[in-house]
Amino acid sequence: MSEAPYREPAGTTALRIPVLGILPALLVSAVILDAAHPLGGGAMAPLWLDLAALACAACALASPRARQGWGAWATTFDGRILAALAIAVLQAVPSSASREGLAWLQQMLACGAFFYALTLLLRGRDGVGEMLWGVFAVGCVLFGLHALLAATSGLDTLRTEAAKVDAAWDSHHGLAKSMAFVTMLTAGRALESASSSRWRVTALIGSVGCLLHAAAGGFGLDPHSLGRLDEPLYFSATAVLLLMLFGLARRAWEQRRARPHEARRWRAMAGGFVLLAVFGLFGETTGGEGVRVLAVLAAVTVLAVEPVDAAGAARSNPAEAAVDPLRQAA
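Residues numbered from 1 in each chain as written. Predicted model: local features only at pLDDT ≥ 70, side-chain atom pairs only at ≥ 80, totals over all residues. Heavy atoms only, no water.

## Focus on the overall build of the protein
The following threshold applies: Strands here mean DSSP runs of E at least two residues long; helices mean DSSP runs of H or I at least four residues long; both are numbered from the N terminus. The cut-offs for exposure are 20% and 50% of the maximum accessible area for each residue type, with area from a 1.4 Å probe on protein chains only; residues under the lower value are buried, those over the upper are exposed, and the others partly exposed. In what follows, a contact means two residues having at least one pair of non-hydrogen atoms within 4.5 Å. Computed by Shrake-Rupley with a 1.4 Å probe, the accessible areas treat only the displayed protein chains as cover when residues are assessed.
Counting its secondary structure elements, the protein contains 14 helices and 0 strands. Taken from N to C terminus, the helices and strands of the protein fall in the order α-α-α-α-α-α-α-α-α-α-α-α-α-α. Classification of the 330 residues of the protein by burial places 51% in the buried group. Relative to all contacts within the protein whose residues are 6 or more apart in sequence, the contacts with residues 24 or more apart total 80%. Surface accessibility of the protein: about 15100 Å² in total, with carbon and sulfur atoms responsible for 67%.

Put into structure tokens, the structure is as follows:
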């Protein structure tokens, strides 16, 4: 199938990448605010993440791309996303008093909203990959500096701080897992020959933060968690998680050929998805809000840099589609 870059419909004003970059940064800020200053307690209490997801959805619905029908929103992962949402509902319904099941459902709804919103807004735009990698770098610096500052008072302080974040994110070693994921992505970007020293310093801060978290309490991995695969819902959730992550890892791995000058960052991205699969298998899918938000941002990064097929370009701009065959013939 021939491929063409996404083109905005004639007569519309396109939002630029610096403006759209506010939305991913808003999501990372919401995750940090949920850990530092939560809005409320109890099951299904409002989260900063919910507000950020609503803002992303509003921007997407106001975009000209939203008027092009379901094809502009659709991705190849829709079936797996719907399956994950159905499993989240089933886990929350039987035990409505259980905070874990309700929190997972709440986070799934928010993550699903901004996954589709950001994919719609960012897919096919030039420079989107570099912008999103900058968001990962900011997260790496913030998480790394938090670990460094907490560790200055001893590893017990870092362990206590991580436990507070787990309570806010409904996670288990969620801060350490998030730290490891963004550090891997940032390290891949730093290893590129064209990278500046700032990227290497960022990766170093993240690496030190990972080591401190490993010394303070590890990453919550336990082979005994495999015994829970006998539970039907847990098995289903794990299976959908692995299908999603390995599908994204394959797509990221393919980008190293499509973008050879960025091969190292895409290898790191593929490795990051595999790392999340390991966390899911041996950590009982308890990454919590931080890991889920970062994983969705990484998924958006992979899908956003992929070229839009010619049929999609024709739907977005019929006038351009009429001219394309003449250009191809020429």
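Having seen the model, we can carry on.
## A few points about the side chain of T202
Tracing the backbone shows T202 in helix α9 (residues 197–216). Classification of T202 as buried rests on a relative accessible area of 11%. Leaving out residues up to four positions away in the same chain, T202 has contacts with A137, C140, V141 and T186.

## Let's talk about the confidence of the model for the protein
For clarity, the threshold we go by: Confidence of the predictor at the level of single residues is given by pLDDT, which spans 0 to 100.
The share of residues in the protein with pLDDT of 70 or more is 84%, and the mean pLDDT across the chain is 82. Note on residues 1–15: pLDDT under 50 across the span, and 35 contacts to partners over four residues away in sequence or across chains. For the stretch residues 310–330, pLDDT sits under 50, and the model shows 20 contacts to residues farther than four places along the chain or on other chains.

## Looking at the packing of helix α6 (residues 128–151) against helix α7 (residues 155–169)
The line we're drawing: Angles here are taken between N-to-C directions and fall from 0 to 180 degrees, while the axes themselves are lines fitted to C-alpha atoms, restricted in helices to the stretch in contact. Angle categories are assigned with fixed cut-offs, so that under 35 degrees is roughly parallel, over 145 is roughly antiparallel, 65 to 115 is roughly perpendicular, and the rest are oblique. Two helices cross in a left-handed way if the nearer one is turned anticlockwise from the farther one by less than a right angle. They cross in a right-handed way if the turn is clockwise. Classes in brief: Ala, Val, Leu, Ile, Met, Phe, Trp, Tyr, Cys and Pro nonpolar; Asp, Glu, Lys and Arg charged; the others, Gly included, polar.
Following both chains from N to C, one finds α6 and α7 inclined at 135°, their axes separated by 7 Å at the closest point. Classed by the angle they form, the pair α6 and α7 counts as oblique. At the point where α6 passes α7, the crossing takes the right-handed sense. Along its contact with α6, which presents F143, H146, A147, A150 and A151, the element α7 presents T157, L158, E161 and W169. Class assignment for the residues of the contact of α6 with α7 results in 6 nonpolar, 2 polar and 1 charged.

## Examining helix α8 (residues 174–190)
Note the threshold: Expected span of a helix, by definition, is 1.5 Å for each gap between consecutive residues, and there is one gap fewer than residues.
The end-to-end C-alpha separation of α8 is 24 Å, in line with the 24 Å expected for 17 residues at 1.5 Å each. Counting buried positions along α8 gives 15 out of 17 residues, so the element sits mostly inside the fold.

## Focus: the nonpolar core
How we decide: The definition of a nonpolar core used throughout is a set of buried Ala, Val, Leu, Ile, Met, Phe, Trp, Tyr and Cys residues joined through side-chain atoms within 4.5 Å.
In this structure, L27, F114, L118, F136, M269 and F273 are the most contacted members of the largest nonpolar core, which totals 74 residues. Among the elements that make up this core, the one with the highest residue count is helix α12 (residues 288–305) (13 residues). Within the second largest apolar cluster, 10 residues are counted, among which are A88, A92, L102 and L105.

## Details of the pattern of salt bridges
Note the following rule: The working definition used for a salt bridge is a side-chain nitrogen of Lys or Arg within 4 Å of a carboxyl oxygen of Asp or Glu.
Counting across every chain of the model gives 11 salt bridges. In this structure, the salt-bridge partner of R189 is E192, at a minimum N-O distance of 3.6 Å. This pair shows no difference in class: R189 is buried, exactly as E192 is. One salt bridge in this structure joins R265 and E192, with 2.7 Å as the shortest N-O distance. Within this pair, whereas R265 is found in helix α11 (residues 263–282), its partner E192 is found in the loop between α8 and α9, the two being separated by 73 residues in sequence. The structure contains a network of salt bridges with shared partners spanning E130, R189, E192, R259, E262 and R265.

## Describing unusual backbone geometry
Within the chain, D170 stands out as a residue other than glycine whose phi angle is a positive 55°. Tracing the chain through its elements places D170 in the loop between α7 and α8.

## Some details on the packing of aromatic side chains
Rule in force here: Pairing of aromatic side chains here covers Phe, Tyr and the six-membered ring of Trp, requires ring centres within 6.5 Å, and sorts the geometry by plane angle: under 30 degrees stacked, over 60 edge-to-face, intermediate tilted.
Applying the stated criterion across every chain yields a total of 7 aromatic pairs. With 5.2 Å between their ring centres and 80° between their planes, F115 and Y116 make a pair best called edge-to-face. Across this residue pair, the class does not change: F115 and Y116 are buried. On the basis of an interplanar angle of 85° and a centroid distance of 6.3 Å, the ring pair of W133 and F136 is categorised as edge-to-face. One end of the pair, W133, and the other, F136, are both in helix α6, 3 residues apart, so they sit about a helical turn from each other. Note on accessibility: W133 and F136 belong to one class, buried.

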